[in-house]
Structures are given as C-alpha cells and as structure tokens.
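Structural characterization, general
Take a look at the letters that make up each chain.
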Amino acid sequence: MNRNWTSEQEAREDILSAVAQYYQKYKAAKKPFEPGDRITYAARVFDEKEMCSLVDASLDFWLTTGRFADRFEKEFADWLGVKYASLVNSGSSANLIAFSALTAPELGERRIKRGDEVITVAAGFPTTVTPVIQYGAVPVFVDVTIPQYNIDVSKLEEARSAKTKAVMVAHTLGNPFDLAAIKAFCDKYNLWLVEDNCDALGSTYMLNGEKRLTGTIGDIGTSSFYPPHHMTMGEGGCVYTNDPLLHRLINSYRDWGRDCMCPSGRDNICGHRFDGQYGELPHGYDHKYVYSHFGYNLKVTDMQAAIGCEQMKKFPSFVERRKHNWARLRAALEDVQDKLILPEPAPNSDPSWFGFLLTVREGVNREKVVRYIEEKGVQTRMLFSGNLIKHPCFDEMRKSGEGYRVVGTLENTDRIMRDTFWVGVYPGMTDEMIDYMAKTIQEAL
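Summary of the structure given here.

Conventions we followed
- Residues numbered from 1 in each chain as written.
- Predicted model: local features only at pLDDT ≥ 70, side-chain atom pairs only at ≥ 80, totals over all residues.
- Heavy atoms only, no water.
- Helix = DSSP H or I, 4+ residues; strand = E, 2+ residues; numbered from the N terminus.
- Rg over C-alpha atoms; globule rule 2.2 N^0.38 Å.
- Buried < 20%, exposed > 50% of the residue type's maximum accessible area, 1.4 Å probe, protein only.
- Contact = heavy atoms within 4.5 Å.
- Areas by Shrake-Rupley, 256 points an atom, 1.4 Å probe, with all protein chains shown as cover.
- Lys, Arg positive; Asp, Glu negative; His and termini not counted.
- Charge placed at Lys NZ, Arg CZ, Asp CG, Glu CD.
- Salt bridge = Lys/Arg side-chain N within 4 Å of Asp/Glu carboxyl O.
- Pairing = 2+ DSSP bridges.
- Axes fitted to C-alpha atoms, helices over the stretch in contact; angles between N-to-C directions.
- Phe/Tyr/Trp six-rings, centres within 6.5 Å; stacked < 30°, edge-to-face > 60°.
- Arc of directions from axis to C-beta.
- Disulfide = S-S within 2.5 Å.
- Polar contact = N/O pair within 3.5 Å; in protein donor to acceptor, adjacent residues only side chain to side chain.

Turning our attention to the overall build of the protein chain. Looking only at helices and strands, the protein chain has 13 helices and 14 strands in total. Relative to the globule expectation of 22 Å for 445 residues, the C-alpha radius of gyration of the protein chain, 23 Å, shows essentially globular dimensions. Considering only C-alpha atoms, the protein chain reaches an extent of 75 × 70 × 45 Å along its principal axes. When each of the 445 residues of the protein chain is scored for burial, the buried share is 53%. Contacts spanning at least 24 positions in sequence make up 73% of the contacts within the protein chain whose residues lie at least 6 apart. Looking at the protein chain as shown, the accessible area adds up to about 20,100 Å², and 51% of this sits on carbon and sulfur atoms. Considering the protein chain, the positive charge centre built from 53 side chains and the negative charge centre built from 60 side chains are found 2 Å apart.

Counted under the stated rule, the structure contains 36 salt bridges. R330 is the salt-bridge partner of E334, the closest N and O atoms lying 2.6 Å from each other. On the accessibility criterion, R330 (11% relative accessible area) is buried.

Before going further, it helps to examine the sheet that holds strand β14 (residues 420-424). The antiparallel open sheet is built from three strands, whose spatial order is β10-β12-β14. Looking at which strands have only one partner, the edges of the open sheet turn out to be β10 (340-341) and β14. Sheet analysis places β10 next to strand β12 (residues 355-360), joined by two bridges and oriented antiparallel. Directly across from I341, in β12, lies its bridge partner T359. Here helix α10 (residues 366-375) sits on the sheet in contact with β12 and β14, set at roughly 20° to β14.

Before going further, it helps to spend a moment on the packing of aromatic side chains. Using the criterion set out here, one finds 19 aromatic pairs in the structure. With a centroid separation of 5.2 Å and an interplanar angle of 90°, the aromatic rings of Y41 and W422 are classed as edge-to-face. On the criterion of sequence distance, the pair formed by Y41 in the loop between α1 (8-27) and α2 (48-60) and W422 in strand β14 is long-range, its members being 381 residues apart. Given the relative accessible area of 15%, Y41 is considered buried.

Further remarks concern the pairing of strand β8 (residues 220-224). Within β8, five of the five residues are buried, leaving the element largely enclosed by the surrounding structure. Alternating residues of β8 divide into I220, T222 and S224 and G221 and S223, and every residue in both groups is buried. Across four bridges, β8 lies against strand β9 (residues 237-241) in antiparallel orientation. From the neighbouring strand, S224 faces β9, where its bridge partner is G237.

In this section: the pairing of β12. Extensive coverage of β12 is indicated by the burial of six of its six residues. Because side chains alternate across β12, one face comprises the buried residues G355, L357 and T359, and the other comprises F356, L358 and V360, equally buried.

Turning to helix α7 (residues 179-189), its buried residues are L179, I182, F185 and C186. The buried residues of α7 all sit within an arc of 135° when viewed along its axis, so they share a single face. For α7, exposure combined with an orientation more than 90 degrees from the buried face picks out D187 and K188.

This part covers the state of the cysteines. Using the criterion set out here, one finds zero disulfides in the structure. Of all cysteine sulfurs in the structure, the one in C262 sits closest to C260, which takes part in no disulfide; the separation is 3.5 Å. Since its relative accessible area comes to 5%, C260 is described here as buried. In this structure C309 is not part of a disulfide, and its nearest cysteine sulfur, from C238, lies 12 Å away.

Another aspect to go through is α10. What sets the pattern is the α-helix's 3.6 residues per turn: residues three or four places apart point alike. Along α10, the residues that are buried comprise R366, V369, V370 and I373. Each buried residue of α10 sits inside an arc of 95° when the element is viewed along its axis, so together they form one side. Counted as exposed and oriented over 90 degrees from the buried face of α10: K368, R371 and E375. Tucked inside the fold, the buried residues of α10 contact β12, α12 (411-419), β14 and α13 (431-444). With a side-chain oxygen lying 2.9 Å from the backbone nitrogen of E367, the N-terminal cap of α10 falls on N365. Two residues or fewer after α10 comes G377, characterised by a positive phi angle close to 95°.

Written out as structure tokens, the structure is:
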C-alpha cells in the first residue's frame, strides 16, 4: 500500500484497493461442499464491492443517513416502481412505522384509533402484529391455508366488523397471499392494506393482467435487510408507498415524530424555519424542533446503506438463484409426497422464495425428522411463531380474553405449529448442497 498520497481522493482509492485485495486473499476462497458440511438456512452473499462500499462510507465518517442512504432510497423506489422509499433500521421497525403512519390524525376518519381492528394471521413473525397490540388496536386472527401458508381469504368477511380499519399481513416465505381477493376486500370497505414484504422481496403477482411486485399493491409495503433476507445491509429495512401524505407521515414517525422534513445536517429548506405557529408553542418556534407525532429515531446509518447499494446490483441474480434452488429441491422431493406436503406457489404468482416449507403428514413425527436432518448438518427453522397466540407474550391477554379476536378455530395454524418446518434456498447454495438436503430429508422420512 502506497502511503505517499498527494490527495484525499488518491488516499481513498488506495485504501479501497487494499480492501479489495484483503477480500480476495482472506474472504473469497471457499472450500468445495462435502456431505456433512453445515448447510445454514440462510447466509450473506457478497464480494469485495460491498466491503469497499462499506469502507468508502466509513471514510466519510458521516455516521447517520447520508449520500448512500439517499442513493439507495431512490434506486430501490425506482426498482420497485413506487414513488417513495424510506430506509429504517430493521424490517420490524419498518412494520412499526407503517402501522404508526396509519394512526396519524391527518388521516381523518380513516385514522386507526385505539380499539379499532386490524385483520392479520397468527402463523407468522410476531413483529407484523406487535405494533397493532402496542398501540392499543385489536388484531383479528384469521387461519391460513396449506400448502400456500397464507391468509385464508374465505374468512375475510367473517373477520370484518364495524371497527375494522386495515389488513396487515405478510407474504409467507416469499409466497404471495391472494392479493386480488384482499385488494378487492380492502377497496370494498375502504380499508388500509399493509403488505409485510420482508420475506418476499422480488416476488411478483399478476393483478388485472399486470405483473406487479409484491409490496407495491397495498397502501404501504415493508422490507427487511437482515442478513438472512433476500438482500442485506446487516440490519436495515424499508417502508414504501405511492401516497405522498403517507410518505410524509412515515418519515415523521421515523425521524422523532418531528414536523420538519429537512434531512439530517440540513436546515431551513422551506425558508420558514422561524416564522410558523404550531400548537401552543410561541410564534416562530424553531420548526426543526416541532413534533407533530409521537415518533422514534429509526434511521439507518450510511454505512449500512452503502452495503445495500452494492447488494441492489446483485439482487436480480439472487432472486433467480432462489427460484432455481426451490424448483430443484421440490423436484427432488416429488417421490416423498406420501409423507410430506410439499409447498405450492400461489395462483397468479411468481415467488422469490425465502425458504422451502414442509409439513409432515399424519403418522410422521416432525421432531424426529427435524432432529435427523439437523444431525446431518442441515439447518432447519419453524414457520416463526407457529401460532403466535400460544406464546408467553399472549399469556395475560389469553387469560383475560381481551386485546385480540380470533375468527374460527385456526386449525391450520395449529397444524403448522405441530407439523411444519422449513429449509433454506438462499442464493449461496450450490446444486450439490440442494441435492444433499433432498437426500437427507428422504433419509429422515
């Protein structure tokens, strides 16, 4: 490394060149897969470009959102085909902000208030539901179908009441829920639709003859960039919408709840920082410190966004490899359908698969199957909470019988809790790894 730099730019280029060399020497080499090697359900897929981008951002030493975050938000929105994208620090925060925006007074009669109801499912990840409960709204749990593992749309009318204000539900492991039915239901009753797209980035759905990316059909979509997800920033998430008012509210709740829309490090873009009247504050109170909502600080750092900018370039290839791995694994397991229910893509969809869901048939013990698979080096996962209502976090509400509502028996949700597990199909997997997983599953049965 040459340290006789004549300019900052030359120094930066020299440092980044050294980072690229470091990657090639110490990170790039991977030994070929051998049967018995640990196959994780997910992992990061990256190269020297992500490492160099991360270091490039660190050399700026701009420790909050900055140029890389601005760039990612624009490029991600363009790729999705939406008007607005707002980075946050996790997918869970994305769901929190998406729901919080719908509680804002600016939304008038459509505002979600305490005691209002939100239709969702119990077979999923808890942070799709957590914001609803924490705010004081009421989640209404509907069963799911097998083998799509998504909300049973035949139960929507039964789930609706005079208090229903929204549907907030996830696309399960990349498989889109019935967007045609749910969108029509929400339009009919003027309900908000929040698509938790954290496990489905890149999935598409044919709606009214048009192929659309999941997350862009509802009022708000959310994504996660946690390492196991379709692309990563380490920690990170995003909230996106086409509605300018919702976008303004999303940014306010993300940025401390403030009324001012000036980005970090910039002041008085509107030219009226000291001449407004807000609430009961003195006239001319600094608009930078006027709070119109009870918000948070959930911004992403520029170092994380820098990684995302490079991941975006690789993302289309990630999606294709996930599809390839899923299809190869399913074909290899066709002969064991007497013991396993294999997953099925939703009609009118082309999923960007997050994982490969399996449900054991009657007479097959899931615990024994999973233990065998794990002992052979293949990592497994449950379908997250299985049935969220059965978890300790619901103990008090379950005993009191208040705070949530259940439609029907949640029969399939309970079966998933007992009989379902999944393995990964992430883009770092080779055909040899997929074939070994299939062989191991067959042996376990």
